[in-house]
Protein chains: 2
Amino acid sequence: MKRQRQAEQMTVLREMLDLRGAHFTRQRAAVFDYLNRVDHHPTAEEVFLAVKQGLPRISLATVYKNLEALVGCGAASKLTYGDGAARYDVRTDHHYHTRCLKCGRITDLEPEAGKQLLKLIKPPRGFKVEDYHLEVLGYCKSCS
Amino acid sequence: MKRQRQAEQMTVLREMLDLRGAHFTRQRAAVFDYLNRVDHHPTAEEVFLAVKQGLPRISLATVYKNLEALVGCGAASKLTYGDGAARYDVRTDHHYHTRCLKCGRITDLEPEAGKQLLKLIKPPRGFKVEDYHLEVLGYCKSCS
DNA sequence: ATTCTTGCAAAAGATTTGCAAACAA
DNA sequence: TTGTTTGCAAATCTTTTGCAAGAAT
């Protein structure tokens, strides 16, 4: 059933890419697959090192291009913090997470609060809301 | 009264720096003063170009060092997004803002919602909350 | 006097780009 | 076939660092 799920995800990915006129490639699939497997939000470098196991000739530039392509077609999202490198995630619908100030690990928060949160937000007149992002900073269990 | 306010701010800055064993310098004061004047959240480059008007010999590295010093003593805060460069702000108590996806301009949101927001946040067990950050993404009046 | 800061140039880290060959549609 | 992607190297952009001279405490 794990395999079937993966196959479904790849079909969905194919469609999402197709809508943007982008091709489905082994490298792209590998990057997407890795993002689906990990439980945290890796940097491009991390993705590169992991995907290289299966595709030894892949380059870091290709990983960057593919992460960009995945974000572009909506299959992944980019999370940027002050720690140098950007992080990537397959989920585009999670806007709530915690980030450890020591180890940098990111974990998702319950999305329940989101609905209520939206009611509280009062953007300035004329501002067209497209998305929102809530980040809770602190120290995780193993770092505190 | 504008001048007096500036003088007060500088006195406060002196104290904040002193607590960390940091010196008060013309360059540092100029960077801090600029952050106090602007209505948006500039990048280090922007600060550099602006401060250079009054201190033509200042270097970009000095601006970076001073922004870091200001953040270190609590006189400023650093805001990091996916658009390449970090942005800085004198206020350290504003965690709610909007960011335009087109021009990158950042404006503050009413902090009222913060109190209620905190009640909604349920971090994982063992996570020690230090800070939080809410960002609303979209298009500002002039860009939409 | 001692310690910190400046300015410069060089270095480092992350990400992007140009291009010819390879691949997907 | 046509347009996109790959891999490589070089380039770019942001930020940091080493160091001697200068400024603040």
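See the structure above.
1. A look at the overall build of chain A
(1) Moving on: A count of helices and strands for chain A gives five helices and five strands.
(2) Moving on: Traced from its N-terminal end to its C-terminal end, chain A shows the element sequence α-α-α-α-β-β-β-β-α-β.
(3) Moving on: Within chain A, contacts between residues separated by at least 24 positions form 48% of all contacts whose residues are at least 6 apart in sequence.
(4) Moving on: Counting only carbon and sulfur atoms, one obtains 50% of the accessible surface of chain A, whose full area is about 8,500 Å².

2. Quick look at the protein's contact with DNA strand D
(1) Moving on: For DNA strand D, the set of nearby residues contains 22 residues, the closest of which are Thr25, Arg28 and Lys65 of chain A together with Tyr64 and Ala86 of chain B.
(2) Moving on: Restricting the count to atoms of DNA strand D within 4 Å of the protein gives a sugar and phosphate share of 77%.
(3) Moving on: Between a phosphate oxygen of DNA strand D and a side-chain N or O atom of Thr25 of chain A, the distance comes to 2.8 Å.
(4) Moving on: A distance of 3.3 Å separates a phosphate oxygen of DNA strand D from a polar side-chain atom of Thr62 of chain A.
(5) Moving on: Sorting the residues of the surface near DNA strand D by element identifies helix 2 (26–37) and helix 4 (60–72) of chain A together with helix 4 (60–72) of chain B as the ones contributing at least two each.
(6) Moving on: In the surface near DNA strand D, the residues fall into nine nonpolar, nine polar and four charged.

3. Details of the protein's contact with DNA strand C
(1) Moving on: Around DNA strand C there are 22 residues in total, and Tyr64 and Ala86 of chain A together with Thr25, Arg28 and Lys65 of chain B lie nearest to it.
(2) Moving on: The sugar-phosphate portion of DNA strand C accounts for 77% of its atoms within 4 Å of the protein, the bases making up the rest.
(3) Moving on: Measuring from a phosphate oxygen of DNA strand C, one finds a backbone N or O atom of Phe24 of chain A at 3.4 Å.
(4) Moving on: Here a phosphate oxygen of DNA strand C and a side-chain polar atom of Thr62 of chain B are 3.3 Å apart.
(5) Moving on: Among the elements of the structure, helix 4 of chain A together with helix 2 (26–37) and helix 4 of chain B are those that each provide at least two residues to the surface near DNA strand C.
(6) Moving on: Here the residues of the surface near DNA strand C sort into nine nonpolar, nine polar and four charged.

4. Observations regarding the side chain of His40 of chain B
All names here are of chain B.
(1) Moving on: Within the secondary structure, His40 sits in the loop between helix 2 and helix 3 (44–51).
(2) Moving on: Here the side chain of His40 touches Asp39 through a polar contact of 3.3 Å, side chain to side chain.
(3) Moving on: A polar atom in the side chain of His40 sits 2.9 Å from the side chain of Glu46.

5. Points about the packing of aromatic side chains
(1) Moving on: Counted under the stated rule, the structure contains zero aromatic pairs over all chains.
(2) Moving on: A cation sits over an aromatic face here: Arg14 of chain A above Phe24 of chain A, 4.0 Å from the ring centre.

6. Quick notes on helix 2 of chain A
(1) Moving on: Taking 1.5 Å per residue, twelve residues should reach 16 Å; helix 2 of chain A reaches 16 Å between its end C-alpha atoms and fits that length.
(2) Moving on: Every buried residue belonging to helix 2 of chain A is among Arg28, Ala29, Val31, Phe32, Asp33, Tyr34 and Leu35 of chain A, and all of these are buried.

7. A look at the pattern of salt bridges
Residues and elements named next belong to chain A.
(1) Moving on: In total, this model carries two salt bridges over all chains according to the counting rule given.
(2) Moving on: As a salt-bridge pair, Arg37 and Asp33 come within 3.1 Å of each other at their nearest N and O atoms. Of this pair, Arg37 and Asp33 are both found in helix 2, four residues apart, which corresponds to roughly one turn of the helix.
(3) Moving on: Classification of Asp33 as buried rests on a relative accessible area of 13%.

8. Here we look at the environment of Met16 of chain B
Residue and element names in this part refer to chain B.
(1) Moving on: The topology assignment puts Met16 in helix 1 (residues 2–19).
(2) Moving on: By relative accessible area, Met16 is classed as partly exposed at 25%.
(3) Moving on: Measuring from C-alpha to C-alpha, the distance between Met16 and Ala75 comes to 7.1 Å, with 59 residues separating the pair along the chain.
(4) Moving on: Among all residues touching Met16, those that are not within four sequence positions of it are Cys73, Gly74 and Ala75.

9. Considering helix 4 of chain A
Count 3.6 residues to each turn of an α-helix, and residues three or four apart come out pointing the same way.
Residue and element names in this part refer to chain A.
(1) Moving on: In this model helix 4 runs 18 Å from its N-terminal to its C-terminal C-alpha over 13 residues, within 8% of the 18 Å that 1.5 Å per residue would give.
(2) Moving on: Within helix 4, burial applies to Val63, Asn66, Leu67, Ala69 and Leu70. With its buried residues spanning 160° around the axis, helix 4 presents them on a single face.

The rules behind the values
- Residues numbered from 1 in each chain as written.
- Chains lettered and ligands numbered in written order.
- Predicted model: local features only at pLDDT ≥ 70, side-chain atom pairs only at ≥ 80, totals over all residues.
- Heavy atoms only, no water.
- Helix = DSSP H or I, 4+ residues; strand = E, 2+ residues; numbered from the N terminus.
- Contact = heavy atoms within 4.5 Å.
- Areas by Shrake-Rupley, 256 points an atom, 1.4 Å probe, with all protein chains shown as cover.
- Near = heavy atom within 4 Å.
- Polar contact = N/O pair within 3.5 Å; in protein donor to acceptor, adjacent residues only side chain to side chain.
- Nonpolar A, V, L, I, M, F, W, Y, C, P; charged D, E, K, R; others polar.
- Phe/Tyr/Trp six-rings, centres within 6.5 Å; stacked < 30°, edge-to-face > 60°.
- Lys NZ or Arg CZ within 6 Å of the ring centre and 35° of its normal.
- Expected span 1.5 Å × (residues − 1).
- Buried < 20%, exposed > 50% of the residue type's maximum accessible area, 1.4 Å probe, protein only.
- Salt bridge = Lys/Arg side-chain N within 4 Å of Asp/Glu carboxyl O.
- Arc of directions from axis to C-beta.

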